[in-house]
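For reference, the chains in residue letters:
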Amino acid sequence: MTGEMIFTFIVVFIMLIGLIKEIARPDIIVFTALSIFFITGILTAEEAFAGFSNQGMLTVALLFVVAGAIQKSGLVEQIIFRLLKKGKSDQRTLLTFLLPITAASAFLNNTPIVMTLTPIVRKWCIDHNIAPSKFLIPLSYATILGGILTLMGTSTNLVVHGLMVERGMEGYSMFTLAKYSLPASILGLIYLVTIGYKILPNYEVSEPTVTEKSREYLIEMVIEENYPYLDNPLVNKTVEESGLRDFKGVYLIAVIRNNEKIYPVRNSTKIKANDRLIFTGVISRIAEIQSKKGIELKTGTNVTLEKLRNGNTQVMEVVISHQSSLLHKKVKENKFRAKYDADVIAVHRNNERIESGIGDITLKAGDTLLLLAGADFEEKFAQSNDFYVAMPLNKHPLLHKIDKKNAWLSIMILTTMIFLVSFGVVSMLKAMIVTVILYIVLKVIKPEDISRDMQYHVLLLIASAFGVGQALFKTGAADWIANQLIVVSEPFGMLGILVLLYVVTVTFTEMITNNGAAVLMFPIAIEAANKLAADPMAFLVIITVGASASFLSPIGYQTNLIVYGPGGYKFTDYFKVGLPLSIIVLVTTIGMIYLY
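Figured I'd write up the structure that's included with this text.

The rules behind each value
Residues numbered from 1 in each chain as written. Predicted model: local features only at pLDDT ≥ 70, side-chain atom pairs only at ≥ 80, totals over all residues. Heavy atoms only, no water. 1 Å grid on protein atoms, 1.4 Å probe; cavity = no way out; pocket = protein on both sides within 12 Å on 5 of 7 lines; lining within 4 Å. Points joined across faces, edges and corners; volume = space filled by probe spheres on them. Helix = DSSP H or I, 4+ residues; strand = E, 2+ residues; numbered from the N terminus. Nonpolar A, V, L, I, M, F, W, Y, C, P; charged D, E, K, R; others polar. Expected span 1.5 Å × (residues − 1). Buried < 20%, exposed > 50% of the residue type's maximum accessible area, 1.4 Å probe, protein only. Arc of directions from axis to C-beta. Contact = heavy atoms within 4.5 Å. Patch = residues over 30% accessible without salt bridge, like charges linked within 9 Å, V, L, I, M, F, W, Y side chains within 5 Å. Areas by Shrake-Rupley, 256 points an atom, 1.4 Å probe, with all protein chains shown as cover. Salt bridge = Lys/Arg side-chain N within 4 Å of Asp/Glu carboxyl O. Pairing = 2+ DSSP bridges. Phe/Tyr/Trp six-rings, centres within 6.5 Å; stacked < 30°, edge-to-face > 60°. Lys NZ or Arg CZ within 6 Å of the ring centre and 35° of its normal.

## Topic: the layout of surface pockets
Item 1. Here the second largest pocket is characterised by a volume of approximately 530 Å³.
Item 2. Elements with a contribution of two residues or more to the lining of the second largest pocket: β2 (250-257), α15 (336-340) and β7 (342-349).
Item 3. Taken together, the residues of the lining of the second largest pocket sort by class into nine nonpolar, four polar and nine charged.

Structure below.
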């Protein structure tokens with residue numbers, strides 16, 4: 001083993017630990033590893049940054065714009081909403097619901113589909129006395145099963161395709177993957193509506209439950225009118241002047257004055273006698289507020305979130321996204337009031353409230369926040385990528401209004417491009433370029449929509465991962481790993497190496513990201529195929545499917561994380577339901593590889 005190879009292993013190992021521990025955003029971690037390879041001379045500038053011009057990465061970028069246009073048209077969510085009708089059985093309803101979702105996700109980005117449908121499905125389940133936990137994991141898994149059917153079904157497929165083309169290989173056609181994965185998708189859906197449905201937890205997640213839990217964290221204090229011996233030192237002072245922002249573990253979110261309700265509370269808000277102050281936070285820190293002169297605890301409070309509402313405010317449940325600017329910052333550092341006209345009431349992680357002061361909680365992707373949102377929240381939410389979903393409690397999610405002309409125009413253009421790619425008339429990259437240009441010219445989208453729909457963190461991750469994969473190739477590290485895999489699986493022949501590649505890829509996917517797993521496994525799969533003098537297509541199909549087959553945890557795939565909080569799931573629920581599904585996909589895909 002050479003010195004360069006050892007150095008490469010050390011850097012990649014540290015990178016993987018950083019990704020698993022979530023010390024920073026995944027794209028930043030992988031880009032840092034790439035920078036180290038470039039600075040130390042392991043990679044030249046051309047090798048390190050070739051990923052930024054790779055056609056797979058560029059196609060993914062354009063696909064984000066196309067998917068954003070379809071999402072904003074509202075057509076998909078309106079169709080699914082109409083299909084959500086109570087059938088003779090919950091399982092039959094689930095099947096009717098999953099089939100079109102699987103079909104749609106074969107041609108559209110999975111993430112916006114799940115983002116759009118999660119609040120709709122959750123509310124529908126609650127209204128029909130069905131546990132949302134019975135429908136939301138299947139929603140995520142169905143989009144994954146649809147994504148492995150076509151070249152454009154998921155960004156992972158396009159990434160592997162781009163790597164293949166870069167190495168002079170033919171790459172995937174539109175339906176190459178369907179040849180191997182269609183039986184897995186069909187059997188997977190059957191499993192989800194039969195055995196999987198019975199394994200799924202039956203968590204009765206309803207709005208009253210959330211509201212009652214939130215009461216535990218609300219503290220009501222009163223500004224005393226008749227303060228002994230002297231005037232109350234807090235009266236007629238602003239919130240900032242009175243020091244009501246200085247408490248640790250609790251946070252002032254509302255002021256109730258006679259019939260007036262003031263929230264969000266600003267630093268400039270003046271305090272009056274008899275004001276009722278509503279704090280949120282850890283109940284154990286009440287003593288600190290009580291020590292404040294001029295304020296007393298109102299015991300036996302009957303203030304609930306419902307009573308804090310007025311016509312301009314609502315309680316929202318939101319899920320923090322992977323690309324959020326709020327990540328790795330404390331709640332108090334994120335300035336929710338200024339950014340979103342909202343206050344954080346509670347933070348939930350792993351279906352449990354975090355026992356620390358609201359302001360001191362460092363946010364992570366997938367955290368579910370309960371917000372007391374003002375009138376401007378929905379507009380600010382629509383202009384941001386900080387949240388996957390925003391669900392109003394006790395209120396139906398707003399459906400996008402359909403612009404029928406633009407909706408059908410966008411679908412017709414995309415369908416035409418898919419047809420041309422399927423018959424080899426144009427490449428996927430050219431088709432997506434033409435589609436985006438036509439969307440702009442025909443005013444289906446505005447130029448500013450492109451910037452909002454582009455997931456730059458994903459693109460940076462993909463482009464950087466290409467360089468890390470190249471380092472594995474160049475130093476011989478991929479060759480060494482391939483040798484070890486072959487030695488381990490040798491007693492089981494070709495079947496053994498395919499199974500091992502799938503298992504390692506799935507493990508990487510669950511620990512890091514699907515695109516990162518695909519890029520890291522690509523050089524290993526190529527080297528293994530070369531050593532066995534086998535057709536590399538079989539090996540590449542296995543890692544492509546394995547990189548998307550994230551069924552075992554909520555953190556490996558964005559769609560799993562989106563439904564995590566809204567479904568009220570535990571971490572282990574994904575493993576219980578997902579392990580049999582992962583085995584079905586593995587066995588069926590390898591069976592089809594052997595058949596072909």
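Now that the structure is up, let's keep going.
## Points about helix α1 (residues 3-21)
Item 1. Between its first and last C-alpha, α1 extends 27 Å over 19 residues, near the 27 Å set by a 1.5 Å rise per residue.
Item 2. Taken together, the buried positions of α1 are Met-5, Thr-8, Val-11, Val-12, Met-15, Leu-16, Gly-18 and Leu-19. For α1, the buried positions fall inside an angular range of 160 degrees around the axis, keeping them on one side. Of the exposed residues in α1, the ones pointing more than 90 degrees away from its buried face are Gly-3, Phe-13, Ile-14 and Lys-21.
Item 3. Where α1 is buried, its residues meet α2 (26-39), α20 (456-475), α21 (477-489), α22 (493-511) and α23 (514-531).

## Here's the deal with a nonpolar patch on the surface
Item 1. On the surface, a cluster of nonpolar side chains totalling about 770 Å² of accessible area is made up of Met-1, Ile-6, Ile-10, Phe-13, Ile-14, Ile-17, Ile-20 and Trp-480.
Item 2. Considering every element that reaches the nonpolar patch, the biggest residue donor is α1, with six residues.
Item 3. Secondary-structure assignment places Ile-6 in helix α1.

## What to know about the environment of Ile-481
Item 1. Note that Ile-481 resides in helix α21.
Item 2. Using a relative accessible area of 21% as the deciding quantity, one classes Ile-481 as partly exposed.
Item 3. Sequence spacing of Ile-481 and Pro-523 is 42 residues, and the spatial spacing of their C-alpha atoms is 9.6 Å.
Item 4. Not counting residues within four places of it along the chain, the set of residues in contact with Ile-481 comprises Phe-9 and Ile-524.

## Thoughts on the pairing of strand β9 (residues 368-373)
Item 1. Most of β9 sits out of view: six of its six residues are buried.
Item 2. The side-chain alternation of β9 yields two buried faces, one formed by Thr-368, Leu-370 and Leu-372 and the other by Leu-369, Leu-371 and Ala-373.
Item 3. Two strands pair when backbone bridges link them, and β7 and β9 are joined in this way by six bridges, in the antiparallel orientation. Residue Val-344 lies in a different strand from β9, and its bridge partner there is Leu-371.

## Some points on the packing of aromatic side chains
Item 1. Going through the model one piece at a time under the given rule, you end up with 18 aromatic pairs.
Item 2. Geometrically, the ring pair formed by Phe-381 and Phe-387 is stacked, given 6.3 Å between the ring centres and 20 degrees between the ring planes.
Item 3. The class for Phe-381 is partly exposed, based on a relative accessible area of 22%.
Item 4. The lysine or arginine in question, Arg-167, covers the ring of Phe-473, its NZ or CZ lying 4.1 Å from the ring centre.

## So, empty space enclosed by the protein
Item 1. What the rule picks out here adds up to five cavities of 30 Å³ or more.
Item 2. Lining of the largest cavity is provided by 22 residues; of these, Ser-155, Val-458, Asn-514, Asn-515 and Gln-558 occupy positions nearest its centre.
Item 3. Elements that contribute at least two residues to the lining of the largest cavity include exactly α2, α7 (110-127), α20 and α23.
Item 4. For the lining of the largest cavity, the leading source of residues is α20, giving three residues.

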